[in-house]
Amino acid sequence: MAAPSNAEQTQLQDMEEEDAGMEEREMESDEEDDEEEEGMGEENSDDEGDDSSEDEKENEAEIQRLEEQLSINAFDYNCHVDLIKLLKQEGELFRLRKARQKMSELFPLTEEIWLDWLKDEIRLTEEEPNREKVYELFEKATKDYICPDIWLEFAQYSIGGMGSPGGIDKVRSIFERAVTAVGLHMTKGHAVWEAYREFENAILSTVQPPPGRIPTSEEQELLNTQLGRIHSLFRRQLAVPLMDMETTYAEYEEWSERGVPETVVHQYKKASQQMEKCRSFEESLLVAEPPKLAEYQTYIDFELKEGDPARIQIIFERTLAENCLVPDMWAKCTTYLDRQLKIKDLVLPTHERAVRNCPWTMGLWKSYLQALERHGADHQTVSDVFEKALNAGFIQATDYVEIWQAYLDYLRRRVDFSKESSKELEELRGSFSRSLDYMKQDVEERFGESGDPSCIIMQIWARIEALHCKNMQKARELWDSIMTKGNAKYANMWLEYYNLERSYGDSVHCRKALHRAVQCTSDYPEHVCEVLLTFERVEGSLADWDVAVQKTESRLNRINEQRAKVAEKEANMARQEGERADQRRKAKLDKKSQKKIQKGTRAGEKRKAEQDDYQNDWNEDSAPKRHRGNGDQTTEEYMETETGLFGRNAPPGYKPAGTKRAQQGAEAAAQRHNDDKPELRNDNSSVFISNLTYTLQEPEERLRTLFETCGPIKQIRPVFSNKGSFKGYCYVQFESPMSVSEALKLDRHEVEGRPMFVSPCVDKSKNPDFKVFKYNTSMEKQKIFISGLPFSCTKEQLEEICKSHGTVKEVRLVTYRSGKPKGLAYVEFADEAQASQAVLKMDGTDIEDNKISVAISNPPRRNMDKAGSNRPMSDMAPRQVYGSRGRGRTQLSLLPRSLHRQAGPASKVENGTAAQQVPEAASAASSAAGETKPLSNSDFARMLLSK
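Residues numbered from 1 in each chain as written. Predicted model: local features only at pLDDT ≥ 70, side-chain atom pairs only at ≥ 80, totals over all residues. Heavy atoms only, no water.

## Some details on the overall build of the chain
Looking only at helices and strands, one finds 34 helices and eleven strands in the chain. Residues classed as buried in the chain amount to 38% of the 947 residues present. The contacts of the chain with a sequence gap of at least 6 include a subset with a gap of at least 24, amounting to 64%. Put simply, the chain shows about 55800 Å² of open surface, and 49% of that area lies on carbon and sulfur atoms. (Helix = DSSP H or I, 4+ residues; strand = E, 2+ residues; numbered from the N terminus. Buried < 20%, exposed > 50% of the residue type's maximum accessible area, 1.4 Å probe, protein only. Contact = heavy atoms within 4.5 Å. Areas by Shrake-Rupley, 256 points an atom, 1.4 Å probe, with all protein chains shown as cover.)

Here it is in structure tokens:
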């Protein structure tokens, strides 16, 4: 550049002298102001000093308390945060740095904590030799989370060192890493791109020659290179879908002297189209409340379908930055990286960050160990990670079993079994032994259970010894230990051992194992007996066959005797239960007759009482017992529909607030009231339909179409609630009694996925001995019960799965009344042997990634503690009734003593006269059924005022 002339130098000197004079005058005025402020400040200095010293003492005490708490529990996250805030407030820079370092060793730090730390360190390290320490801190910060603000701060800080040798190249390197890491961030990525361009524009201004001077060839080359860098940045940014990319395009048009190339326009339009696809997701994130997990999950699903690995990675990182404590999200991210990208430098750091954020999640540690092995990490690194996993503090005992299994699998894969002895084999055996000790000493003491009741780890060890090491003696010792841990009663455990001996042992030990199985098995003895006899048919002598037959027959005879005793006991209990049910039914009828007598004293309500009793007889006693839980709408319920909560006569001006649906229900109730007249009812030509889904549309029309094949129908009366919703059952009356037998054949016919129950209508007041349907409460040995099924599993799919285990007679999927599946099913086979075989083969298997449980059908006794229950009083366990706040013993009853029900059988009737003594059986039945006598308004007023 040209040197300034003499005139210019003189002018510059005059300007400098004038500026110096102005600075002196400003300094004098500043000194005067300072003196005035000092004079005014001396008056309040004593008070302020006292207050500040007290605050300092309180803060120091709080700092010491937090430090002591962290010495006890170093993993208290909130305590770390509070300590850092106090130390920064007090200006304790050395202690502040130490506190931040300790926290960063234990936890990944959030973006806000890192930015505060970095800014403090930048202010403290203004000298050149300390810049490397800040660089190291930035490198550590960028590894915790992918945060655009941290990368932007990193790049801007590096610009301050561009004057050092290689400084410009270092700045460019950091900017390139930044745009690679966060350049695809749709809402914040543009800030990094713009900062990068500004830096290159600043470099461009230094290489441009002054106006009017022709640049040399070297200067022109530098100029062209720098212009090419800026062009490249514009083109790269416009190829990325980012928010407000229209502004960048307009800036490029203005900056470029030759216009925008066609290739750039094409890339820009393509990126704009992608941006429009993502705009709705970005807008939903802007308005959503943190942590926005559902919105992010929808966004991730969209990007996974698009299939761009870089964009999938950045959306995962954005999600994890706001949901760092969600293990499932870390698992999805690491699984994607393991299966799709498979880049070591990307996969392993992500696994490490996952276990640092969610150390209590066993699945993340297991995936981390497998990823280390997959990418060839050294043995010491894998072992160190495993030891950290053991100290992570899992929440259940089975987690420790699984993490040990993962580590032992890794050790087994390291062993070269072609050698008789090796260091790796000894380490594997030592780790197996250590795992068993760990389960016994650490896991059982902490959780009160082993976590491995089936001894899976010992089974794997035994198989390895038998298969790879040819050491059956060690395998037998391990299986002896397995059986002594309570597994000898299970047939599948003996069969596992038998199969091991069959594959790697000899016939002598096979026979010995099967003989022990016959004596010890208690769940499926028939199966092990069959296996023993089959074995002797193939390999045994006649003497062996005779011994096997004798042992199996004696064992099965003992089993059958025990089962007969159990069956007899269950039959006796069922008979006693039936007798008690009959007693309660008779007591209830007696009580109803007494109510009729009492109501008969009111001449004005005599006809009403008769109608109520007739309505109750039709709706309750004429229906089979299995339908009593649904109940029909009584006349009393119909009255409440008409008059609301105010009894028969509503207050003047009262209008019910029911909806149109409720009004329709009232009309339906009125229609049923008219339909149930004695001249229309005929039990001999009627059937009762129940177990229909509540959501059945047009039930009358649907059932008419179904039952028209049985004969001419006189009427169909579906039962609705007082709100107008269908209650799942109805009455069908035919013109001829001959149609009833045909209708009963439709029992268990499926209607919208539910078995429909069809029963005859019987007036139980006239036929008290009529045997109603009862659920089977005994073991059904030819039927299996399956739980844990996926909701998408169909009847046909389940039948196809079960066909391979025997002849399937019936498959029934259990559903809610709404028709939604429960994930349960019953499958009936031709005989008990096939059902037992199905349990052994299917239990614990997977159906559509759902692990199912299979057992012989043994339904529990029904909980019949509702009104009308047949459950015996002796079987009912006393129930503690809690208030709305749970088990509190100090809750007070706010009900007046007059309103408390007396426990004795005697009570007062509505008119206050002494009631007749009710038999004890009737009183007990009434108490068991939970029935209470309706009281009038006058009764309540009289009891309240009596005290």
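What follows continues from the structure just given.
## Notes on the sheet that holds strand 7 (residues 808-815)
Across the sheet, four strands lie side by side as 7-8-6-11; this open sheet has antiparallel pairing. Each having just a single partner strand, strand 7 and strand 11 (853-857) make up the two edges of the open sheet. Pairwise comparison of adjacent strand axes, ignoring direction, gives a mean angle of 25° for this sheet. Relative to strand 11, strand 6 (residues 780-787) runs antiparallel, the two sharing five bridges. In the sheet register, Ser-787 faces strand 11, and the bridge partner there is Ser-853. Against the sheet, helix 31 (residues 795-803) touches strand 6, strand 7 and strand 8 (821-829), its axis set at about 140° to strand 7. Of the strands in this sheet, strand 6, strand 8 and strand 11 touch helix 32 (residues 832-842), which is tilted by about 25° from strand 6. (Pairing = 2+ DSSP bridges. Axes fitted to C-alpha atoms, helices over the stretch in contact; angles between N-to-C directions.)

## Structural notes on the packing of aromatic side chains
Evaluated as defined, the whole model comprises 31 aromatic pairs. The ring of Tyr-157 has Arg-131 lying over it, and the distance from NZ or CZ to the ring centre is 4.1 Å. (Phe/Tyr/Trp six-rings, centres within 6.5 Å; stacked < 30°, edge-to-face > 60°. Lys NZ or Arg CZ within 6 Å of the ring centre and 35° of its normal.)

## Some remarks on the nonpolar core
Judged by nonpolar contacts, the single largest core of 120 residues is most densely connected at Ile-403, Trp-404, Ile-784, Ile-786, Leu-798 and Val-827. With nine residues, the top contributor of residues to this core is helix 18 (residues 397-414). Apart from the residues within four sequence positions on either side, Ile-786 is in contact with Leu-798, Cys-802, Gly-823, Leu-824, Ala-825, Val-827, Met-842, Ile-852, Ser-853 and Val-854. Counting 49 residues, the second-largest nonpolar core is a separate cluster that includes Leu-83, Leu-86, Leu-109 and Cys-324. (Core = buried A, V, L, I, M, F, W, Y, C linked by side-chain atoms within 4.5 Å.)

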